[in-house]
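# Structural description and commentary
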Amino acid sequence: MAIQGRFVGLFITTYLWLGVESALPQEGQLSAELEQQHLVINANAQNALDELLSSNEVARALYEQAYGYAVFGVTKAGFLVSGGAGSGVAVNKATGERVYMRMGTAGLGLSIGVQAYDLVVFFEFEPVMYAFMDGGWDSSVTAQAAAGQEGIAVTSSFVNGVFFYQITDRGLMVAADISGTRFWVPENLN
């Protein structure tokens, strides 16, 4: 079921990435198309979060400690140079407030092919979550800190206030490589 959601997410991401979006609705109103995008993003996010929490005790413990979380459906492709894009939602656990976001990633390496995956982010504190949403969060710092920890696959603590999980069709990867990744809140998705 998560794989079907990824393909729907891929379609929406491709649609949005190409800039084929309709005009912005009036302030305070959501267009039917935007409401549909929110429904798809929310369903994909909930499926990925449920899959993670049902299969990983450490993730459940971190989720319980977290102020909030974000979930992105990502499609990444590469042939020597890799790039990826996705859309998702950041959620304040206490209030249920949802902010819809996009992400993009690029890098160099020996990667060939296309991969669809879900990226789940837990935020330990409110300031970290809002810095993430405001674009003031540095993915390279967190990636370097995570890479420097021994036994990252079994860690049960946040790194610089965040923790990442990458869920692929092959299973769970703890502490996904998020260096070179940018996250932002587009006005036309909220």
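Note that this is a predicted model, so its numbers are computed, not measured. (Residues numbered from 1 in each chain as written. Predicted model: local features only at pLDDT ≥ 70, side-chain atom pairs only at ≥ 80, totals over all residues. Heavy atoms only, no water.)

This part is about the overall build of the protein. A tally of helices and strands in the protein yields five helices and five strands. The helix and strand sequence of the protein, counted from the amino end, reads α-α-α-β-β-α-α-β-β-β. Nonlocal contacts in the protein, meaning residues at least 24 apart in sequence, comprise 71% of its contacts between residues at least 6 apart. Counting only carbon and sulfur atoms, one obtains 57% of the accessible surface of the protein, whose full area is about 10,000 Å². (Helix = DSSP H or I, 4+ residues; strand = E, 2+ residues; numbered from the N terminus. Contact = heavy atoms within 4.5 Å. Areas by Shrake-Rupley, 256 points an atom, 1.4 Å probe, with all protein chains shown as cover.)

Bringing the packing of helix α2 (residues 32–55) against helix α3 (residues 57–65) into the picture now. In the contact formed by α2 and α3, the axes pass within 5 Å of each other and the chain directions differ by 115°. Between α2, through L49, L52, L53, S54 and S55, and α3, the contact on the second element is made entirely by E57, A59, R60 and Y63. Among the residues forming the contact of α2 with α3, the class breakdown is five nonpolar, two polar and two charged. (Axes fitted to C-alpha atoms, helices over the stretch in contact; angles between N-to-C directions. Nonpolar A, V, L, I, M, F, W, Y, C, P; charged D, E, K, R; others polar.)

Within the largest apolar cluster, 23 residues are counted, with the highest numbers of intra-cluster contacts made by L49, L52, Y69, V120, F122 and Y165. Of all the secondary structure elements, the ones that give two or more residues to this core are α2, α3, β1 (68–92), β2 (98–123) and β3 (162–168). Top contributing element to this core by residue count: α2, with seven residues. Beyond its immediate chain neighbours, meaning those up to four positions away, Y69 contacts L49, Y63, V89, A90, V91, K93, R98, V121, F122, F123 and M129. Counting residues in hydrophobic clusters, the runner-up holds 18 residues, among them V99, M103, F123 and V128. (Core = buried A, V, L, I, M, F, W, Y, C linked by side-chain atoms within 4.5 Å. Buried < 20%, exposed > 50% of the residue type's maximum accessible area, 1.4 Å probe, protein only.)

Moving on, we come to α2. Compared with the 34 Å implied by 1.5 Å per residue over 24 residues, the 35 Å span of α2 between its first and last C-alpha is a close match. Among the residues of α2, those classed as buried are L34, Q37, H38, V40, I41, N44, A45, A48, L49, L52 and L53. (Expected span 1.5 Å × (residues − 1).)

The geometry of an aromatic ring pair comes down to the distance between the two centres and the angle between the two planes. The final tally for this structure, using the stated rule, is nine aromatic pairs. Measuring from centroid to centroid gives 5.1 Å for F72 and F183, while their planes differ by 55°, and the two rings are tilted. Taken as a pair, F72 in strand β1 and F183 in strand β5 (residues 181–184) lie far apart in primary sequence, 111 residues in all. By relative accessible area, F183 is classed as buried at 5%. With a centroid separation of 4.8 Å and an interplanar angle of 55°, the aromatic rings of F123 and F132 are classed as tilted. Here a set of aromatic residues connected by ring pairs shows up, and it is made of Y63, Y69, F122, F163 and Y165. (Phe/Tyr/Trp six-rings, centres within 6.5 Å; stacked < 30°, edge-to-face > 60°.)

Per-chain confidence: the protein averages 76 in pLDDT, with 66% of residues scoring 70 or above. Scored below 50 in pLDDT, residues 1–25 makes 37 contacts in the model with residues more than four places away or belonging to other chains. Within the model, the stretch residues 141–155 combines pLDDT values under 50 with 20 contacts to residues more than four positions away or in other chains. (pLDDT = per-residue confidence, 0-100.)

With that settled, consider helix α4 (residues 126–133). Listed in full, the buried residues belonging to α4 are V128, M129, F132 and M133. Along the axis of α4, the buried residues cluster in a sector spanning 135°; they form a single face. Where α4 terminates, the next one or two residues include G135, which has phi positive at roughly 80°. (Arc of directions from axis to C-beta.)

Turning to a nonpolar patch on the surface, a few remarks are in order. Together, F79, L80, V81 and I112 give the surface a local cluster of nonpolar side chains, amounting to about 450 Å² of exposed area. Per element, the largest residue contribution to the nonpolar patch is three residues, and it comes from β1. Its location among the elements puts F79 in strand β1. Using a relative accessible area of 59% as the deciding quantity, one classes F79 as exposed. (Patch = residues over 30% accessible without salt bridge, like charges linked within 9 Å, V, L, I, M, F, W, Y side chains within 5 Å. Salt bridge = Lys/Arg side-chain N within 4 Å of Asp/Glu carboxyl O.)

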